[in-house]
Amino acid sequence: QVQLVESGGGLVQPGGSLRLSCAASGSISSIYVMDWYRQAPGKQRELVAMSTSSGATNYADSVKGRFTISRDSAKNTVYLQMNSLRPEDAAVYYCHAVVQSTGVARPYNYWGQGTQVTVSS
């Protein structure tokens, strides 16, 4: 079993910054993908930023140039640095990972519990 624990959400004024963290723990052999999704009230969950084990990254157009995803493979942790935050960035942010566990035949998807980001003056 694998657990993803997020931290770093909160209230920030427009133009401000936040850094989210997500640490994976448990029976982990490899983590192929770690990424961040978000879901605002009444909207579908959307991919914000993705990081692969090879170092590739990808971003939603709406956050390019403002958000940066990074990964510490030694700590099984992914970060999302969010700058120049806008009211439309407000959402619950979820960490997601594709993890190969020890002794398991194939990788599985795991989700964190979500962390609230509020952008308001």
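For the structure, check the block above.
Residues numbered from 1 in each chain as written. Predicted model: local features only at pLDDT ≥ 70, side-chain atom pairs only at ≥ 80, totals over all residues. Heavy atoms only, no water.

K.L.:
A description of the overall build of the chain should follow, citing residues and the corresponding values.
P.N.:
Scanning the chain for helices and strands turns up zero helices and eleven strands. Scanning the chain from its N terminus toward the C terminus, one meets helices and strands in the order β-β-β-β-β-β-β-β-β-β-β. Seen along its three principal axes, the alpha-carbon backbone of the chain occupies a region of about 50 × 25 × 25 Å. The buried share among the 121 residues of the chain stands at 42%. Long-range contacts, defined here as pairs at least 24 residues apart, represent 56% of the contacts in the chain between residues at least 6 apart. One finds the centroid of the 10 positive side-chain charges in the chain at a distance of 2 Å from the centroid of its 7 negative side-chain charges. (Helix = DSSP H or I, 4+ residues; strand = E, 2+ residues; numbered from the N terminus. Buried < 20%, exposed > 50% of the residue type's maximum accessible area, 1.4 Å probe, protein only. Contact = heavy atoms within 4.5 Å. Lys, Arg positive; Asp, Glu negative; His and termini not counted. Charge placed at Lys NZ, Arg CZ, Asp CG, Glu CD.)

K.L.:
Outline the sheet that holds strand 8 (residues 77-82), listing residues and values.
P.N.:
With respect to topology, four strands assemble into an open sheet ordered 1-3-8-7, the strand pairing being antiparallel. Among the strands making up the open sheet, the edge pair consists of strand 1 (2-7) and strand 7 (67-72). Averaged over all pairs of adjacent strands, the angle between strand axes in this sheet comes to 15°, irrespective of strand direction. By the bridge criterion, six bridges tie strand 1 to strand 3 (residues 18-26) in an arrangement that is antiparallel. Each residue of the ladder has a partner; that of valine 2, found in strand 3, is glycine 26. (Pairing = 2+ DSSP bridges. Axes fitted to C-alpha atoms, helices over the stretch in contact; angles between N-to-C directions.)

K.L.:
If you had to explain unusual backbone geometry to someone new, which residues and values would you point to?
P.N.:
One non-glycine residue, asparagine 76, adopts positive backbone phi at about 50°. Here asparagine 76 is to be found in the loop between strand 7 and strand 8. Of note, the phi angle at serine 84 is positive, near 50°, even though the residue is not glycine.

K.L.:
How would you sum up the environment of isoleucine 69? Please name residues and give values.
P.N.:
When you line up the elements, isoleucine 69 lands in strand 7. Residue contacts for isoleucine 69: discarding those within four places in its chain leaves Met34, Asp35, Trp36, Ala49, Met50, Ser51, Thr57, Tyr59, Val78, Tyr79 and Leu80.

K.L.:
Residues and numbers for the pairing of strand 4 (residues 30-39), please.
P.N.:
Counting buried residues in strand 4 gives seven out of ten residues, a clear majority hidden from the surface. Relative to strand 9 (residues 91-100), strand 4 is paired through nine bridges, and the arrangement is antiparallel. Note that in strand 9 the partner of aspartate 35 across the bridge is histidine 96. Relative to strand 5 (residues 46-52), strand 4 runs antiparallel, the two sharing six bridges. Within the sheet, the bridge partner assigned to methionine 34 lies in strand 5 and is serine 51. Hairpin remark: strand 4 followed by strand 5, antiparallel, with six residues in the connecting loop; positive phi at glycine 42, about 80°.

K.L.:
Can you explain the nonpolar core? Please cite residues and give values.
P.N.:
Ranked by internal contacts, the top residues of the largest apolar core, which has 30 residues, are Trp36, Leu80, Met82 and Tyr93. Among the elements of the structure, strand 1, strand 3, strand 4, strand 5, strand 7, strand 8, strand 9 and strand 11 (115-119) are those that each provide at least two residues to this core. With five residues, the top contributor of residues to this core is strand 9. (Core = buried A, V, L, I, M, F, W, Y, C linked by side-chain atoms within 4.5 Å.)

K.L.:
Run through the side chain of threonine 115, naming residues and quoting values.
P.N.:
Position of threonine 115 relative to the elements: it lies in strand 11. Looking at threonine 115, the relative accessible area reads 12%, which means it is buried. Polar side-chain contacts of threonine 115 include one of 3.3 Å to the backbone nitrogen of glycine 9. Other than its neighbours up to four places away in sequence, threonine 115 contacts Glu6, Gly9, Leu20, Ala91, Val92 and Tyr93. (Polar contact = N/O pair within 3.5 Å; in protein donor to acceptor, adjacent residues only side chain to side chain.)

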